[in-house]
Structure formats: structure tokens, C-alpha cells
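Examination of the molecular architecture
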Amino acid sequence: MKRVVPSPAKVEIGFTGDRLTGTGGAALLAEAARRFGLPERLAEAVSVKKRNRGASDAETQWSVIASLASGNGSLSDLDALREDGVQRELLGLSSAPSGRRAGEFLSRLTKRDVESLRGVARHLSRCVAPEVVAHELEEKGYVPVFVDGTGIEVSGRLFEHAARLYTGERGYWLHAVFVGGLWVSGRLRPGGDVACGWKGQLKRDVAPLLPKGVPAWVRCDAAYYRGAFVEHVRGEGWDLSISVTDPNKCRPVLDVVEGLPEHGWEDIGKGESATWVRYRPSKWKEEQSYVVVRLRSRRQGELLPRFSVILANRDDLPLAEVVRRHRGKQGHENAFKGPLVDLDLHHPPCRGYRANQAFYAYGQMAHLLLRAVQFRLLPKAARRHGIRPLVRHVMRSVARLVRSGRKRWLLFASCCFRRDWLLYAGMRLRIDSG
């Protein structure tokens, strides 16, 4: 076999005056923001600056959101945006802040400012949610809702209000709710209770997005196995399923199936069988339905089957369907990882608590705008993807900005991986503009 050895070409390094940018997708992001009136709402939400020089409050906020939507989670990435004249022109920025100035801006925000920003994020959610809800109903027949919290670790002890997480490390809790793949609610709170503040998030951020009669299925992990949570969700008319993993809480349910004859189990495929159990936990008002899943392992050394317990209120559905819907929670957990990994939100950039809360509110807005681009400007086939392809193959597409016939033309490189998406988006913009 002939051995092929790579032979990199010898090149000379130089510079060009062509108006190039590595984030051509900023044009699509800016179009989505314009349609929702985001720049105007940001200007109304926060007023910090006292002098009319440098980037305005709205420009600073829009710069942070656009930078996050490109997967740049560090404030120092704004320094690159300042030097990218084409990207600034696409975003409509006459001036962009440095990373240091953006940090100073965030440090001056108050609790009232943070609440105003959450109101802006709520407005964006209501603009994008109808397309997402319709897509989920078409694909699944119901709208999945995922409620979860994740630890945001910090380095050192200088971060304001950081507290101990369940891992023993110091950090914050990021409590979020997803409707389909849409991040509709986010709250950064001090470490402590894994599940707190869920009632306000469900009432203010989620309920307005789900009209009465729309079938919704709320699924979450064991942290939300609480009587008050179950009562609230069922009071909204939503279905739910919750993993029960605490051995002490599983024991009473498993005691019911102990000694159950074989005909009492229903085969649900893949070597698993399941059955329904009715049980009322201590201090709960009503009896609940549980699915007990039994897996007979074929691995050597395991003589007894393994069990998992799921609280679920839809005992009128086949057992296999209930288990399948609940296990879709794993895909939602991956959707939660999307903003943290792909938008680089794993680490808060500021020492101030309010500053970090605002930063994650901007991160939620960046995610919402990316979903708006996905559902409104890209082909329908693109909806099955997460936001990672949007960041890598849309936002980070190389393009050249030219003027011709009193018009600006954004010419994408022909070697872009998702030329079909970009071509479709260009056609949609032409059609929408008349």
C-alpha cells in the first residue's frame, strides 16, 4: 500500500483590504433582532451611562448578545468585535465596547435592571414560542417542557453570593425551563436548594406560552419530586413525569411490587417490563401513579433485576409510551448543555452577583435569537438540530461585504459547509422584504 504523507503548501503571510468577516451569520441574527424590536427594548430596559460618548447602553448590551450568539462567552471577545468593522456594520453598531468597559457596565446594573432584562427575554420567548410549539405538536403530538437546575462553578471566593453546591464546590445555581428546544426561563441564584423559584418561572414564563388545551408534558429529575410541584403542574392542566431515584422514596413503591407474579408485568421491549403502582407519599394530599420499570440484566454476576421508578399521571397511556416520553428527558438535558457549552456560558465573567445574573439573561436572549433564525429563516429540516450547528455553520460563516448599485451585498464563501441553509435564508429575506 502506498504511503501518503501530508505535504502542507508553503505560503507567504500578508493582509488584504477586502471587507471580510468570520461571522457572516450576524446579518441573520440582526434581522431577527430587528423584527422583534430588541435594540429598542434593550434601550428602554437599562439606563446606566451618564455621558454621551463611546458605546451606548443599547449598543453595549447588543454587543454582548451578539458575541454570545457567536459562541464567545468571554467579555474579552468583545475586543475582537470592536476590530471587526464588517460585523459591527451588520449588527448596526456605530460603536462597540471593549471587554473592560462591558464588565464595568455589567457591574453597575441593579436588581431592577435585571428584572427589566428578564422582561425583555420574556418578550422574545413569546415571539418565538408559537413556531416551536407548533413544531413540537406536529412532531410529537404534545409539547415537552423540561424543568432543571445546574451548578455553575466559580473559581476562588471573590464571587458575590456564591454558595456551596451539592458537589461541595462553590458556585451558583442556574434554574431553567425549556419548552421544546426553546430556553424560555432562566434564573441565576446562589447555591443551595437545587429546586427553588420554580413556581414563579412556570407561572410567568411558561404558562403564557401554552394556550389552554395545548397538551404539554412536564418532565424533570428527582429534585422536583415534591408534592407542591406536582399539584401546581396538574393544576395547570399539564401532564408530568418525574424520576424517583432516592432509595428511601423508592422503597415504599417497590414494596408494592415485591412478589408480583410474572403476569403482572407488561413487556415494553428491549428486555424491560413495567407495571403501574398507586401510592400516596407521606404529607401529600392525593394518591399518585407510578411506573416501575424492571430490567433483567444479562451481565454475569447480576442475579436480581434492577428497578427504576417514575411518577407519571397519565395512567391511561400504554406503559411503553409513558416510559418513552419520560426518557425523552435525556435529550432535553442535552439541550440544556447547548447554551452552556456552545454559547460558552459555563463560567460567569464577573465577581458581582447582579452582573452575572444580567450576563445569563443576555445568554438566554442570544439563545432565543438563534432559535428565531432557525425557525424563521432556515429550511424546515434545520429544526431537528440543536444550536451547535447554528453557531458553527451559520454564525461563524466567512463572508465578504461589498457595495454595488447602492446596495450592500453579503457574499458568503462558496466553501461554507451549510451553503443550502445560507441560500435559503437569503431567499427568505428577499421574499420578506418584498
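Residues numbered from 1 in each chain as written. Predicted model: local features only at pLDDT ≥ 70, side-chain atom pairs only at ≥ 80, totals over all residues. Heavy atoms only, no water.

**A word on helix α6 (residues 99–107)**
What counts here: Think of it in three bands: residues with accessible area under 20% of the maximum for their type are buried, residues over 50% are exposed, and the middle band is partly exposed, with areas taken using a 1.4 Å probe on protein chains only. Numbering of helices and strands runs from the N terminus; a helix is a DSSP stretch of H or I covering at least four residues, while a strand is a stretch of E covering at least two. What the arc describes is the spread of directions from the helix axis to the C-beta atoms.
Taken residue by residue, α6 has Gly 99, Ala 102, Gly 103, Phe 105 and Leu 106 as its buried positions. The arc enclosing the buried residues of α6, seen along the axis, measures out at 160°, which places them on a common side. Seen from the open side of α6, the exposed residues pointing more than 90 degrees away from its buried face are Arg 100 and Ser 107.

**Details of the pairing of strand β4 (residues 170–179)**
Quick note on the threshold: Strands were regarded as paired on the criterion that DSSP finds at least two bridges between them.
The buried fraction of β4 is high, at 9 of 10 residues. Summarising the sheet, strand β2 (residues 143–153) and β4 pair through 9 bridges and their orientation is antiparallel. For Val 147, the partnering residue across the bridge sits in β4 and is Val 177. Inspection of the sheet shows strand β3 (residues 163–164) paired to β4 by 2 bridges, in the antiparallel sense. Among the inter-strand pairings, Ala 163 is bridged to a residue of β4, identified as Gly 171. Hairpin geometry of β3 and β4 is characterised by an intervening segment of 5 residues between the two adjacent antiparallel strands and by a positive phi of about 95° at Gly 168. Sheet topology note: the β4/strand β5 (residues 182–190) ladder contains 8 bridges and is antiparallel.

**A few points about the packing of α6 against helix α13 (residues 353–376)**
Test applied: Here the axes come from fitting lines to C-alpha atoms, over the contacting stretch only for helices, and the angles between their N-to-C directions go from 0 to 180 degrees. Should an angle lie under 35 degrees it is considered roughly parallel, over 145 roughly antiparallel, and from 65 to 115 roughly perpendicular; all remaining angles are considered oblique. Any two residues whose heavy atoms approach within 4.5 Å are treated as being in contact. Only Asp, Glu, Lys and Arg are considered charged, only Ala, Val, Leu, Ile, Met, Phe, Trp, Tyr, Cys and Pro nonpolar, and every remaining residue, Gly among them, polar.
Between α6 and α13, whose axes approach to 8 Å, the crossing angle comes to 110°. With respect to α13, the axis of α6 lies roughly perpendicular. Across the interface between the two elements, Phe 105, Leu 106 and Ser 107 of α6 pack against Ala 355, Ala 358, Phe 359 and Tyr 362 of α13. By residue class, the composition of the contact of α6 with α13 is 6 nonpolar, 1 polar and no charged.

**So, the packing of α13 against helix α14 (residues 387–395)**
In a pair of packed helices, the angle between the axes and the distance between the axes together describe the arrangement. Between α13 and α14, the least distance of the axes is 10 Å, while the angle of their chain directions is 75°. For the element pair α13 / α14, the angle class is roughly perpendicular. Residues His 367, Leu 370, Arg 371 and Gln 374 of α13 lie in contact with α14, whose contacting residues are Ile 387, Leu 390, Val 391 and Met 395. Taken together, the residues of the contact of α13 with α14 sort by class into 5 nonpolar, 2 polar and 1 charged.

**Remarks on the nonpolar core**
The cut-off we apply is this: To define a nonpolar core, start from buried Ala, Val, Leu, Ile, Met, Phe, Trp, Tyr and Cys residues and group those joined through side-chain atoms within 4.5 Å.
By size, the foremost hydrophobic cluster in this structure holds 122 residues, and its most contacted members are Trp 62 and Tyr 362. In terms of residues, this core owes the most to one element, α13, which gives 15 residues. Listed in part, the 12 residues of the second largest apolar core include Ile 268, Val 291, Val 293 and Val 322.

**Points about the packing of aromatic side chains**
Keep this limit in mind: Centre distance within 6.5 Å is the pairing criterion for rings of Phe, Tyr and Trp, where only the six-membered ring of Trp is used; planes under 30 degrees apart are then read as stacked, over 60 as edge-to-face, and the remainder as tilted. Either the NZ atom of lysine or the CZ atom of arginine qualifies as a charge over a ring when it sits within 6 Å of the ring centre and within 35 degrees of the ring normal.
Taken as a whole and assessed by the stated rule, the structure comprises 10 aromatic pairs. Among the aromatic residues, those joined into a cluster by ring pairs are Tyr 225, Tyr 279, Trp 284 and Tyr 290. Seen from the ring of Trp 265, Arg 294 lies directly overhead, with NZ or CZ sitting 4.5 Å from the centre.

**Section: the pattern of salt bridges**
Test applied: Note on definitions: salt bridges are taken to be side-chain nitrogens of Lys or Arg within 4 Å of carboxyl oxygens of Asp or Glu.
Counted by the stated rule, this structure contains 25 salt bridges. Notably, a salt bridge pairs Glu 89 with Arg 19, separated by 2.6 Å at the nearest N-O pair. Linking Glu 89 in helix α5 (residues 85–91) with Arg 19 in the segment before β1 (20–21), this pair joins segments that are 70 residues apart in sequence. With a closest N to O distance of 2.9 Å, Glu 104 and Arg 100 form a salt bridge. One end of the pair is Glu 104 and the other is Arg 100, both in helix α6 and 4 residues apart, which spans about a single turn. For Glu 104, a relative accessible area of 32% gives the class partly exposed. Relative accessible area serves as the criterion here: at 55%, Arg 100 is assigned to the exposed category. Residues participating in the shared-partner salt-bridge network are Arg 19, Glu 89, Arg 403 and Arg 408.

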